[in-house]
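Analysis of the macromolecular model
One-letter residues, chain by chain:
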Amino acid sequence: MLDEGGLRGSFLVRDLRTGEEIGIDPDDEYTTASLVKIPLAAATLDRIRRGELDGAARLTVGPGARHSPGPTGTSRFRHPADIAVDDLLHLTMTVSDNTAGDALFELTPPAMVAAFLEEHGLRGISVRHTLRHLTESPVQALGGHLAHVLAIEGTTAGRGHPVPELDVTRGSSGSARAFVDLLAALWRPSRIDPWVAGRVRELMGDNVLRQRLAPDFTSDLTTWSSKTGTMLNLRHEVGVVEHADGRVYAVAALTESRVAAVRQPGAEALMAQVARALRDEIRSR
């Protein structure tokens, strides 16, 4: 199905009660785009918990101050605005605001986020740069069809790429398994502080970008909490579906399209269909 739809991907679904899992190439690495905002939020919240940062402290973001291009939130502001750290976390996670995210990266740099993951035993997710590096890459600056062609044709068999942000050895990267491990640590007792984990779960539950996996995991009897990541031909989403009967599944879908088109609703639907089929298979056992 993925091949016919022009996609390849790293998928994993894990039952967070039993640990049983099912996946497709779950250990393949992809550059992660905005998925990096999950560990960024967790590391920043942990610093707030320890008193190193004040969630009520205000930072100036927008044109003329901290500003990173992006399609949503303060990235589209025309005037500078003073916003509290807690509210920057909300914007970063719920509308994937790049300017808000980079303001947080100024407080909690990539190396510090990577150290947080290592400290909590979470391996397989690299955090190597800020969000500005994604939006200012030479290929991204071209925009449209040509940018997608270059992104697709530049990828090597080993997941390398002449554009650093698309190269898994130089850009922020991870696999479906690594992100499911992170979700498990946020939804189940782990080395992550319960208050920090609870706040990240709350932020992921408020995600308003719901065009990808959400349609197949949302109903009156389920809740879907997630984070998307998008860059050129990369479309990702990771999240947790919680059922009214108490069963809880972590889901990760990291994909790369071979189709040079900006808008691909069919790819979004196919991602969800594959992830749902994996969840249904493990749920039926």
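Just so it is clear, the structure is predicted and the values come from calculations on it, not from any experiment.

This paragraph deals with the overall build of the protein chain. Check the secondary structure of the protein chain and you find 11 helices and 9 strands. Every one of the 285 residues in the protein chain was classed for burial, and the buried ones make up 55%. A separation of at least 24 residues holds for 67% of the contacts in the protein chain among residues at least 6 apart in sequence. Of the roughly 11700 Å² of accessible surface on the protein chain, a fraction of 52% belongs to carbon and sulfur atoms.

What follows deals with the packing of helix 8 (residues 176–187) against helix 9 (residues 194–205). Packed helices, taken two at a time, are described by their axes: the angle between them and the distance between them. Remark: helix 8 packs on helix 9, axes separated minimally by 8 Å, with the N-to-C direction vectors making an angle of 115°. For the element pair helix 8 / helix 9, the angle class is roughly perpendicular. Packed against helix 8, whose contacting residues are L183, L186 and W187, the element helix 9 presents A197, V200, R201 and M204 at the interface. A per-class count over the contact of helix 8 with helix 9 returns 6 nonpolar, no polar and 1 charged.

Moving on to unusual backbone geometry. Positive phi is not limited to glycine here, since A33 has a value of about 50°. On the basis of relative accessible area, A33 is assigned to the buried category, the value being 7%. Backbone geometry places L232, a non-glycine residue, at a positive phi of 50°. Tracing the backbone shows L232 in the loop between strand 7 (222–231) and strand 8 (234–243). Given a relative accessible area of 9%, L232 falls into the buried group.

Time to look at the environment of T223. Mapped onto the secondary structure, T223 falls in strand 7. Judged by relative accessible area, which is 42%, T223 ranks as partly exposed. It is 5.6 Å that separates the C-alpha atoms of T223 and V241, two residues lying 18 residues apart in sequence. Not counting residues within four places of it along the chain, the set of residues in contact with T223 comprises V240, V241 and E242.

A few words now on the side chain of H243. Tracing the backbone shows H243 in strand 8. A relative accessible area of 13% means that H243 is categorised as buried. Among the polar contacts listed, one links the side chain of H243 to the side chain of R279, at a separation of 3.0 Å. When residues no more than four places from it in sequence are discounted, the contact partners of H243 are L221, T222, Y249, R279 and R283.

Cut-offs and rules
- Residues numbered from 1 in each chain as written.
- Predicted model: local features only at pLDDT ≥ 70, side-chain atom pairs only at ≥ 80, totals over all residues.
- Heavy atoms only, no water.
- Helix = DSSP H or I, 4+ residues; strand = E, 2+ residues; numbered from the N terminus.
- Buried < 20%, exposed > 50% of the residue type's maximum accessible area, 1.4 Å probe, protein only.
- Contact = heavy atoms within 4.5 Å.
- Areas by Shrake-Rupley, 256 points an atom, 1.4 Å probe, with all protein chains shown as cover.
- Axes fitted to C-alpha atoms, helices over the stretch in contact; angles between N-to-C directions.
- Parallel < 35°, antiparallel > 145°, perpendicular 65-115°, else oblique.
- Nonpolar A, V, L, I, M, F, W, Y, C, P; charged D, E, K, R; others polar.
- Polar contact = N/O pair within 3.5 Å; in protein donor to acceptor, adjacent residues only side chain to side chain.

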